[in-house]
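The chain contents come next:
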Amino acid sequence: MRAVPRVLLLLACLTLSLSGAVWAQKLTFLVTGGSPVAFPNATEANYDAGLVGATAMLGFSMSLGGGGGAVSRTGILSIRAASAVMGGTKPIGDLQWRRSDLATWNSLTPSDVVVQSQPMIRGGLNDPWTNSIAFRTLLSWANDGPATYTPTIVMTATLTTP
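First, a word on what this report is: a plain description of the structure on this page. Starting afresh in each chain, residues are numbered from 1 along the sequence in its written order. At least 70 in pLDDT is required for a residue's local features to be given in this predicted model, at least 80 for side-chain atom pairs to be given and counted, and no such filter applies to totals for whole chains, interfaces and linings, which use all residues. Only hydrogens and water are set aside when side-chain values are computed; all heavy atoms of the structure are taken into account.

Details of the layout of surface pockets
Right, on to step 1. For each structure, a 1 Å grid was placed over the protein atoms alone; sets of points admitting a 1.4 Å probe that cannot get out are labelled cavities, open sets with protein on both sides within 12 Å along at least five of seven lines are labelled pockets, and lining residues have an atom within 4 Å of a point. Grid points are joined across faces, edges and corners, and a volume is the space filled by probe spheres set on the points. If you add up the space inside the largest pocket, you get close to 620 Å³.
Right, on to step 2. Lining the largest pocket are 25 residues; nearest its centre among them are Phe39, Met86, Thr137, Tyr149 and Pro151.
Right, on to step 3. For this classification, Asp, Glu, Lys and Arg are treated as charged, while Ala, Val, Leu, Ile, Met, Phe, Trp, Tyr, Cys and Pro are nonpolar and the rest, including Gly, are polar. Its residues assigned to classes, the lining of the largest pocket shows 18 nonpolar, five polar and two charged.

Notes on the nonpolar core
Right, on to step 1. The biggest cluster of nonpolar side chains holds 17 residues, and the ones touching the most others in it are Trp97, Leu108 and Phe135.
Right, on to step 2. Listing elements by their share of this core, those giving two or more residues are β3 (58-66), β4 (73-81), β7 (95-99), β9 (113-120) and β10 (129-138).
Right, on to step 3. Here a helix means four or more residues in a row that DSSP labels H or I, a strand means two or more in a row labelled E, and each is numbered from the N terminus. The biggest single contributor to this core is β3, with four residues.
Right, on to step 4. Every residue pair with non-hydrogen atoms within 4.5 Å of one another is taken to be in contact. The residues contacting Leu108, other than those within four sequence positions of it, are Ile79, Arg80, Ala81, Ile92, Gly93, Leu95, Gln96, Trp97 and Ile153. Note on terminology: a nonpolar core comprises buried Ala, Val, Leu, Ile, Met, Phe, Trp, Tyr and Cys residues joined through side-chain atoms within 4.5 Å. Remark: exposure states derive from per-residue accessible area (1.4 Å probe, protein chains only) relative to the maximum for the residue type, with buried under 20%, exposed over 50%, and partly exposed in between.

Observations regarding the sheet that holds β9
Right, on to step 1. Spatially, β9-β4-β11 is the arrangement adopted by the three strands of the open sheet, whose pairing is antiparallel. Strands at the two margins of the open sheet, each flanked by one partner only, are β9 and β11 (153-159). Taking each pair of neighbouring strands and ignoring which way they run, the sheet shows an average axis angle of 15°.
Right, on to step 2. Two strands are said to pair when DSSP picks up at least two bridges between them. Pairing of β4 with β11 involves seven bridges; the strand directions are antiparallel. Note on geometry: axes are C-alpha line fits, over the in-contact stretch for helices, and angles between N-to-C directions span 0 to 180 degrees.

Overview of the packing of aromatic side chains
Right, on to step 1. For this analysis, a ring pair means two rings from Phe, Tyr or Trp (six-membered ring only for Trp) whose centres lie within 6.5 Å, classed as stacked if their planes differ by under 30 degrees, edge-to-face if by over 60, and tilted for the remaining angles. Overall, the coordinates contain three aromatic pairs when judged by the stated rule.
Right, on to step 2. With a centroid separation of 4.9 Å and an interplanar angle of 35°, the aromatic rings of Tyr47 and Trp141 are classed as tilted. With Tyr47 in helix α2 (residues 44-49) and Trp141 in the loop between β10 and β11, this residue pair connects regions lying 94 residues apart in the sequence.
Right, on to step 3. Residue classification places Tyr47 among the buried positions, given a relative accessible area of 15%.
Right, on to step 4. Among the aromatic side chains, those forming a connected cluster through ring pairs are Phe29, Phe60 and Trp129.
Right, on to step 5. Think of it as a cone above the ring: NZ of Lys or CZ of Arg counts as a charge over the ring if it is within 6 Å of the ring centre and within 35 degrees of the ring normal. The ring centre of Tyr149 lies 5.8 Å from the NZ or CZ of Lys90, which sits over that ring.

Here is the structure:
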C-alpha cells in the first residue's frame, strides 16, 4: 500500500519539475505612433482627387519575451474592421490601408487580413521588427455628403507555436 503513494508523489514531483523548467514565450505588439488614426476635414481638392489621406501613419513593433530559447516562431499582424460600414451607409471598403514598405492599397474588410508575417527567434532573427501602416479614405462627390465617420479598426497579433 505504501508503494502507490510514493509513485504518485514521484510523478507529482517530476511534473512540477518539468513545468517549472518550461517558460511560455510571449509576443508583445506595441503601437508606436499615429494612434488614433485621424483624417483632416475633406476639402474640395480631396473630393476632386477622390481620396483623403490620414494625418499620420500607424507605427508598430512586435517583439518576443519570456522563454522558448532559440525556437523559430512566426509573428503575424492582421487587420480588420469591426463593422461593414464606416458610419451611415459609407462602406468600410472605402477605408484603405497599405504597409509603408509596399505600394499596394487594400480595402479594409470585416474579415482578418494579414498585414505582415515574419519568422522570429527571441533575441535574434526579427526580434523586434517594426513597420507602419498608411490609411486613406476614398471620396465621391455623388455618394459622400458631409458626415462624421467613426470606423473601428481591429488589429490582431498572433505568434505561432512550433
